[in-house]
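# Results of the structural survey
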Amino acid sequence: MSEEVTYDAAAEAEVTMGQSTPSGAGDAPALPQDGMGCHAGAAEMEAAARMAGKSEILDQYAADYPQGPHDKPQSMCPAFGSLRVGLRMRRVATVLSGSACCVYGLTFVSHFYGARRSVGYVPFNSETLVTGKLFEDIREAVHQMADPDRYDAIVVTNLCVPTASGVPLRLLPDEIDGVRIVGIDVPGFGIPTHAEAKDVLAGAMLKYAREEIEAGPVQAPASGKSDRPTVALLGEMFPADPMMIGAMLDPMGLAAGPVVPCREWRELYAALDCGVAAAIHPFYTAAMREFTAAGRPIVGSAPVGHDGTAAWLTGIGDAFGIASDKVAAAQNAFLPAIKGALSATPIKGTVTLSGYEGSELLVARLLIESGAEVPYVGTACPRTAQSNWDREWLEARGVKVQYRASLEDDCAAMEAIKPDLAIGTTPVVQKAKELGIPGLYFTNLISARPLMGPAGAGSLQQVVNAAIGNKDRMNSMREFFEGVGTGDTAGVWEGDPNLRPDFRAQHQKKLDKQARAAKAAEMI
């Protein structure tokens, strides 16, 4: 056998592994151990969490957010979704419990996206984690923060390590001096996407608010109670979209209710007071469970494009039992304008679409009605009953809809189809541009535009047509950079790159050996 190739003395460093330490003599139970740092695999961390008493919540997550083809997040840390929801709410404080590196990354991203407020953090070490002192520190922190003059609620979030170690946020008090305490677990090994983590917190808040309503009178919304039946809107959307939806509901004698996730605690009460909940984003499973418990029916899809708007208004009318002539009046008031906007500047070209926001199917419908050919739509979110209308409409037009799409799925579709434009996540767009295919980042350039009604019908054509028109520019850039190398040989070299395939082969043998050992361990 050949000798192992080494580069430094790092392999000689002693590694200290976590061991079971008895808490007393005889058969006394062992203390939980800090053997599940953020370096551990998802399977090991989940097993540790179940041993630490988190089976019920993990089973609920598995039911609410089935993982599908890929079993790990491929977007940003899922906890960013719930963190973002809390940071966007007025008079709500957020506290994270997790590894310092994770907290640093999450706070950095939250401020990058304009949080403009502090994120609380309860630090820990191996001792405080395994002795239960971390929970005591969290409890002390929320007691110190619970100022009713500043906050309506405090959200405490367990990240991967505290969840795997069984830190019991459920034992925190429900409220302190009138400040509500909401504790949630958002581990990367239980929540597939940051979009679904938004639902974790939205659902927890709705559950708390529903129980408050059942217990007695609650605070009215700041804008007052609507004199019309309302439609609560599930899913973050462009600020103009709720107003456009409200305008389309007006001829039927209805009004748009709050958007969930809400911006203020009292809006939760108004949302639960709706007549119907509209699952604009169809993956808000926990939130829909609370609306169902409150006796509110759920309507899927959204008023997107001509066909989508017509069907959605009909579905809302049926849910409320509204006369067909009123539904027709609403449709006649807006459908001609939508059709005109769609045909004004048609999109001519083939587009592949992928993302992790949850609105991918809606955007695909809008692109198709605008004239584009869309053979593939990939979404990192799961298939739900509320997305069936959109899926069936797309499949009837020859579209391949891939739920729980992985990065590999999206790139393979883009490379096979060779579209005029690839809309997707950052790595998909990067890959497309390397191939000379124009690309648009879904989150910043597509989902940050109105989609509903006449405003949405004309919102995508300009940016999409402009991007498709950049094909010659992409080809020129590709020709200019031809020969500079790719991957680990990128750049301009005076001589040939030193590739050292023997190092690669040696490292691959290590990986193969580890994989065989892991497979053998599973069979024991």
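Just so it is clear, the model here is predicted, and its values are computed rather than measured. (Residues numbered from 1 in each chain as written. Predicted model: local features only at pLDDT ≥ 70, side-chain atom pairs only at ≥ 80, totals over all residues. Heavy atoms only, no water.)

## Examining the environment of Pro258
Within the secondary structure layout, Pro258 lies in strand β7 (residues 255-260). Taking the C-alpha atoms as reference, Pro258 lies 23 Å from Tyr113; in sequence the two are 145 residues apart. With sequence-adjacent residues up to four places away left out, Pro258 is seen in contact with Ala232, Leu233, Glu267, Ala270 and Ala271. (Helix = DSSP H or I, 4+ residues; strand = E, 2+ residues; numbered from the N terminus. Contact = heavy atoms within 4.5 Å.)

## Quick notes on the sheet that holds strand β13 (residues 421-424)
Read across the sheet, five strands follow the order β12-β11-β10-β13-β14 without closing on themselves; strand pairing throughout is parallel. Two strands lie at the open edges of the sheet, namely β12 (400-403) and β14 (439-441), each paired on one side alone. Averaged over all pairs of adjacent strands, the angle between their axes in this sheet comes to 10°, without regard to strand direction. By the bridge criterion, three bridges tie strand β10 (residues 350-355) to β13 in an arrangement that is parallel. (Pairing = 2+ DSSP bridges. Axes fitted to C-alpha atoms, helices over the stretch in contact; angles between N-to-C directions.)

## As for the packing of aromatic side chains
This structure, assessed with the given rule, holds four aromatic pairs. Seen from their ring centres, Phe283 and Tyr284 are 4.9 Å apart, and the 25° between their planes marks the pair as stacked. (Phe/Tyr/Trp six-rings, centres within 6.5 Å; stacked < 30°, edge-to-face > 60°.)

## Looking at the side chain of Lys54
Relative to the helices and strands, Lys54 resides in the loop between α1 (42-51) and α2 (55-64). Owing to a relative accessible area of 4%, Lys54 belongs among the buried residues under this scheme. Once residues within four sequence positions are removed from consideration, Lys54 is found in contact with Ala49, Asn158, Thr163, Gly166, Val167, Pro168, Leu169 and Asp185. (Buried < 20%, exposed > 50% of the residue type's maximum accessible area, 1.4 Å probe, protein only.)

## Quick word on the pattern of salt bridges
Under the criterion given, the structure shown has 25 salt bridges. Note that Glu46 is salt-bridged to Arg50, the shortest N-O span being 3.2 Å. Taken as a pair, Glu46 and Arg50 lie in helix α1 at a separation of four residues, close to a single helical turn. Across the salt bridge formed by Lys133 and Asp137, the nearest N and O atoms sit 2.5 Å from each other. Here Lys133 pairs with Asp137, and both are found in helix α6 (residues 133-145), just four residues apart, close to one helical turn. Beyond isolated ion pairs, a larger network of salt bridges with shared partners links Arg84, Arg88, Lys198 and Glu236. (Salt bridge = Lys/Arg side-chain N within 4 Å of Asp/Glu carboxyl O.)

## Let's talk about the sheet that holds strand β5 (residues 179-185)
Sheet architecture is open: five strands sit in the order β2-β1-β3-β5-β4, paired in mixed fashion. Strand pairing shows two members of the sheet lacking a second neighbour, β2 (120-121) and β4 (175-176), which therefore form its edges. The sheet contact formed by β4 and β5 spans two bridges and is antiparallel. Within β5, the residue paired with Glu175 across the bridge is Arg180.

## Observations concerning the confidence of the model for the chain
For the chain, per-residue confidence averages 87 on the pLDDT scale, and residues scoring 70 or more make up 91% of the total. Contacts from residues 15-35, a stretch scored under 50 in pLDDT, to residues over four places away or in other chains number 17 contacts. (pLDDT = per-residue confidence, 0-100.)

## Observations regarding the packing of helix α8 (residues 194-215) against helix α11 (residues 285-293)
Two numbers describe how α8 lies on α11: the axes approach to 7 Å, and their chain directions differ by 20°. On the basis of their axis angle, the class for α8 and α11 is roughly parallel. α8 and α11 meet at a crossing whose hand is left-handed. Facing Asp199, Gly203, Leu206, Lys207 and Arg210 of α8, the residues of α11 in contact are Thr285, Ala286, Ala287, Glu290, Phe291 and Ala293. Along the lines of polarity and charge, the residues of the contact of α8 with α11 split into five nonpolar, two polar and four charged. (Parallel < 35°, antiparallel > 145°, perpendicular 65-115°, else oblique. Left-handed = near helix turned anticlockwise from the far one by under 90°. Nonpolar A, V, L, I, M, F, W, Y, C, P; charged D, E, K, R; others polar.)

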